[in-house]
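Geometric and topological summary
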Amino acid sequence: MFALLGCFGGSTVKQSIDDYAARLSRVLDTPLPDSFNDKITTPLPKLADSATLKHAIEGVNINLREFYALQDCELGTVVAERNTSLGKSQLPSQRLVYESKLLNVLKSCEAALTKENESNQRNAALAATIASWREQKTQDYSKTWANLVQGSQELRLALNTPERLFSVENNKDALSSVNALYYINSLSNKELLLSDTETEATNENNSERIIESSELEQQLKIIRSARLPATLWHTQQTLTQNLSLLTNMLETELDAVSCPEGRASDKAKILRNVFYLFFIEEIQPVGSLVNQYHYKLAPLWEDWLAQPSLHEEFKRYIRQQSQDGFNQYSSVMKAHVNLWQGFLGRCNLSPVAPV
């Protein structure tokens, strides 16, 4: 159903391509490739199921004696929160919020108990236990973040299910989505976590480094609304497939257009006008948007491709769309422009607005 992009309201780049192709066909008096008779655009390749990409994260077992010993520390409250029915069925986003909070209180409780080591041997043993929990949860944190990126509904829709193609005027939340995606990426940063080298003097600021649930959910809402990566990649793919067909058709047809001694014929002038009105005015601006958002997001994809916690199948999909797909699109766009430059040059025409 998501392939039926031509049915959405407003003019899309696919409509512009169809109009461009139809006008060229009429002027050149040649049939279009069969693919242009099909108004349905090819969907993006399917992203692997979230179950395939999900990390299984084992919980930390705490016996009752340890649990009761933690009641003087905020850790006891946080552990109890996780063991409620709601806590056991957390969405990936809320699980990440929880893990962030847990790491914070583990650090705080360990520091408080370590202070009392000399006077209370029991506290010293509990501090050592908490240290081992913190080490395990620090290792688990990156997996929890990966589960958010690979398994949350918002990210999966944004990466694989576009609702529209790029247009010059209607790209809802696109710029905000760039910031939101980089925000999600920043949550993987180990500096977010409380490190062993932090001193007691800096602990007062640690609460600011916990992931805020409301902020995270708001950023995910923006990501879901814009679906920027999928929109970018589907637009890129649509331009690649259609312009490639048109270029192949035009290579022969434009060579047959007569421009004796460099003098443009009426047919050549009409073709120049078609090129300007549809490609220069409607299609190329969308191609500029593809370039713009590709380069805005390229550092993000580089970070994700280097993330050991992200599944290789997930990385393969990202690489296929962000690198291979863009390279193919760039090559096809360049070939189409070069073809027209050669034709216009032969006929001593420039791509200017028709009179």
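Described below are features of the structure shown in this document. Numbering of residues starts from 1 in each chain and follows the order in which that chain's sequence is written. Only residues with pLDDT of at least 70 are given local features in this predicted model, and only at 80 or more are side-chain atom pairs given and counted; all residues enter the totals for whole chains, interfaces and linings. As a convention, hydrogens and water are excluded, and side-chain values are obtained from all of the structure's heavy atoms.

Scanning the protein from N- to C-terminus turns up 13 helices and zero strands. Going residue by residue from the N terminus, the α and β elements of the protein occur as α-α-α-α-α-α-α-α-α-α-α-α-α. The 355 residues of the protein split such that 48% are buried. For accessible areas, the Shrake-Rupley method is used with a probe of radius 1.4 Å. Any residue's cover is judged against the shown protein chains and nothing else. If you sum the accessible surface of the protein, you get close to 18,000 Å²; carbon and sulfur atoms cover 49% of it. Helical segments are the DSSP runs of H or I of at least four residues, strand segments are the runs of E of at least two, and each set is numbered from the N terminus. Only protein chains enter the calculation, and the probe is 1.4 Å; a residue is then buried if its accessible area is under 20% of its type maximum, exposed if over 50%, and partly exposed in between.

The end-to-end C-alpha separation of helix H13 (residues 312–346) is 49 Å, in line with the 51 Å expected for 35 residues at 1.5 Å each. A bend of about 35° at Gln320 is the largest found in H13. Backbone geometry just after H13 places Asn348 at a positive phi near 50°. Helices are assigned an expected span. That span is 1.5 Å times one less than the residue count. Two axes enter the definition of the bend at a residue: one is fitted to the seven residues ending there, the other to the seven starting there, and the bend is the angle between them.

With that settled, the discussion passes to the packing of aromatic side chains. Aromatic rings from Phe, Tyr and Trp, with only the six-membered ring used for Trp, were paired whenever their centres fell within 6.5 Å, and each pair was classed as stacked if the ring planes differed by under 30 degrees, edge-to-face if by over 60, and tilted otherwise. Inspection of every chain in the model, using the stated rule, returns twelve aromatic pairs. Taking the centre distance of 5.4 Å and the plane angle of 75° together, the rings of Trp301 and Trp304 count as edge-to-face. Of this pair, Trp301 and Trp304 are both found in helix H12 (residues 266–305), three residues apart, which corresponds to roughly one turn of the helix. Just as Trp301 is buried, Trp304 falls in that class too. In this structure an aromatic cluster arises from ring pairing among Trp145, Trp233, Trp301, Trp304, Phe314 and Tyr317.

Only a pair of cysteine sulfur atoms within 2.5 Å counts as a disulfide in this structure description. Using the criterion set out here, one finds one disulfide in the structure. A sulfur-sulfur distance of 1.9 Å marks the disulfide that ties Cys259 to Cys347. Measuring handedness by torsion sign, the sulfur bridge of Cys259 and Cys347 sits at about 90° and is right-handed. Residue Cys259 is located in the loop between helix H11 (228–255) and H12, and its partner Cys347 is located in the segment after H13; the two are separated by 88 residues in the primary sequence.

Okay, helix H10 (residues 213–226) next. With 14 residues, H10 should reach 20 Å at 1.5 Å per residue; the first-to-last C-alpha distance of 20 Å fits that figure. Arg227 sits one or two residues past H10 and shows a positive phi near 50°.

Topologically, Glu81 is positioned in helix H4 (residues 74–82). For the pair Glu81 and Tyr98, spaced 17 residues apart in sequence, the C-alpha to C-alpha distance is 9.1 Å.

Our next topic: the environment of Ser331. As for its position among the elements, Ser331 is in helix H13. Measuring from C-alpha to C-alpha, the distance between Ser331 and Ser244 comes to 9.5 Å, with 87 residues separating the pair along the chain.

What follows concerns the nonpolar core. Counting residues in each nonpolar core, the largest one holds 81 residues, and the members touching the most others are Tyr20, Trp304 and Trp340. When residues of this core are assigned to their parent elements, the largest contribution, 16 residues, is made by H12. We call two residues in contact whenever any of their non-hydrogen atoms come within 4.5 Å of each other. Apart from the residues lying within four places of it in its own chain, the contact partners of Tyr20 are Leu243, Leu246, Val274, Phe275, Phe278, Phe279, Ile283, His336 and Trp340. As used in this record, nonpolar core signifies buried Ala, Val, Leu, Ile, Met, Phe, Trp, Tyr and Cys residues forming a set joined through side-chain atoms within 4.5 Å.

This is a description of form; function is not addressed.
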